[in-house]
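Each chain, letter by letter, is given below.
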Amino acid sequence: EAKFIKATPFPEGAHKYKEVTFIKKVTNDDFKKLLNGCKSKKTPDSSLAGAITVAWMTGCRPSEMMSIQLLPENGIFIKGSKQTDDGMRGMDRYLYLNDESFKIFSVGLEVMKRELEKLAPGETQMRAVGMLQKRLDGLNKKLFPKRKKHITVSTLSINMVTVVVVKVVYYPAHRKLQ
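Residues numbered from 1 in each chain as written. Predicted model: local features only at pLDDT ≥ 70, side-chain atom pairs only at ≥ 80, totals over all residues. Heavy atoms only, no water.

**Topic: the overall build of the protein chain**
And then number 1: When helices and strands are counted, the protein chain shows 5 helices and 3 strands.
And then number 2: In sequence order, the secondary structure elements of the protein chain are arranged as α-α-β-β-β-α-α-α.
And then number 3: Taking all 178 residues of the protein chain together, 39% fall into the buried category.
And then number 4: For the protein chain, contacts bridging at least 24 residues in sequence account for 63% of all contacts bridging at least 6.
And then number 5: Accessible surface, the protein chain as shown: approximately 11900 Å² in total, 55% of it carbon and sulfur. (Helix = DSSP H or I, 4+ residues; strand = E, 2+ residues; numbered from the N terminus. Buried < 20%, exposed > 50% of the residue type's maximum accessible area, 1.4 Å probe, protein only. Contact = heavy atoms within 4.5 Å. Areas by Shrake-Rupley, 256 points an atom, 1.4 Å probe, with all protein chains shown as cover.)

**A few points about the packing of helix H2 (residues 46-58) against helix H4 (residues 125-143)**
And then number 1: Where H2 meets H4, the axes come as close as 10 Å, and the angle between the chain directions of the two elements is 95 degrees. Relative to H4, H2 is oriented roughly perpendicular. Only Leu 132, Arg 135, Leu 136 and Leu 139 of H4 make contact with H2, whose side of the interface consists of Ser 47, Leu 48, Ala 51 and Ile 52.
And then number 2: Considering only residue class, the contact of H2 with H4 consists of 6 nonpolar, 1 polar and 1 charged. (Axes fitted to C-alpha atoms, helices over the stretch in contact; angles between N-to-C directions. Parallel < 35°, antiparallel > 145°, perpendicular 65-115°, else oblique. Nonpolar A, V, L, I, M, F, W, Y, C, P; charged D, E, K, R; others polar.)

**Section: the sheet that holds strand E2 (residues 75-78)**
And then number 1: Strand order in the open sheet formed by 3 strands is E1-E2-E3, with antiparallel pairing between adjacent strands. The open sheet terminates on both sides in strands that have one partner only, identified here as strand E1 (69-71) and strand E3 (93-96). The average undirected angle you get between the axes of adjacent strands in this sheet is 25 degrees.
And then number 2: Strand direction decides the pairing type here: E1 and E2, joined by 3 bridges, are antiparallel. Note on E2: the bridge partner recorded for Leu 70 is Ile 76.
And then number 3: Sheet strands touched by helix H3 (residues 99-113): E1 and E2. Its angle to E1, the strand with the most contacts, is close to 150 degrees. (Pairing = 2+ DSSP bridges.)

**Brief notes about the nonpolar core**
And then number 1: In terms of nonpolar packing, the biggest core is built from 37 residues, with Ile 52, Val 54, Met 65, Ile 68, Ile 76, Phe 105 and Met 112 touching the most fellow members.
And then number 2: Mapped by element, the contributors of at least two residues to this core are helix H1 (28-39), H2, E2, H3, H4 and helix H5 (153-159).
And then number 3: Sorting elements by how many residues they give to this core places H2 first, with 8 residues.
And then number 4: Residues in contact with Met 65, not counting those within four places in the same chain, are Ala 51, Val 54, Ala 55, Cys 60, Leu 109, Met 112, Lys 113 and Val 153. (Core = buried A, V, L, I, M, F, W, Y, C linked by side-chain atoms within 4.5 Å.)

**A closer look at the confidence of the model for the protein chain**
And then number 1: On average, residues of the protein chain score 79 in pLDDT, and 73% of them reach the 70 mark or higher.
And then number 2: Looking across the protein chain, the model is least confident in H5, with a mean pLDDT of 77, and most confident in E1, with 92.
And then number 3: Confidence drops under a pLDDT of 50 for residues 161-178, and excluding neighbours within four residues, the segment shows 40 contacts in the predicted structure. (pLDDT = per-residue confidence, 0-100.)

**Some remarks on the pattern of salt bridges**
And then number 1: Counting across every chain of the model gives 9 salt bridges.
And then number 2: Across the salt bridge formed by Arg 147 and Asp 30, the nearest N and O atoms sit 3.1 Å from each other. Remark: Asp 30 occurs in helix H1 and Arg 147 occurs in the loop between H4 and H5; sequence separation between them is 117 residues.
And then number 3: Here Arg 147 falls in the partly exposed class, since its relative accessible area comes to 30%.
And then number 4: Residue Asp 30 is classed as buried on the basis of its relative accessible area, which comes to 8%.
And then number 5: In this structure, Glu 110 and Arg 114 form a salt bridge, with 3.6 Å as the shortest nitrogen-oxygen distance.
And then number 6: Note on Arg 114: relative accessible area 37%, which makes it partly exposed.
And then number 7: Linked through salt bridges whose partners overlap, the residues forming this network are Asp 45, Glu 115, Lys 118 and Arg 135. (Salt bridge = Lys/Arg side-chain N within 4 Å of Asp/Glu carboxyl O.)

Next up, the structure:
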């Protein structure tokens, strides 16, 4: 004889979905603490510091980070990762930074991409980004132990606060650069 389990109603006021566990805004002080936290380890985590800098300066999504390309005249090309229903990618972005910002950015990008060297054959670039995000989560727990919500790479991309950037220009990929 089969017994059926009676479904109980969902309690009033309870959350059906897991709450967002990341902060949506990062202050300059938090950014500096994260960078200093990367440097203060026994073996400094330069790849993570580079990823934090890249996301902070460009506002790129985690899925776009490893495909960033440097262009002449202090330019940066970010290949959009979002796709529409018909398979077209979202907006590709061209950014142009001043000399000092570009120097900082290019060093950050170079050390961040060293993470790709740690991948086993067959692993994707998103695996490298995942490893960086996991280390960022551990750093958050160490630096901000009382916070319930943490800074993620997505937080830095949402924030899109630039440190030393004087001029940032967005060009959709289908428009010609002038």
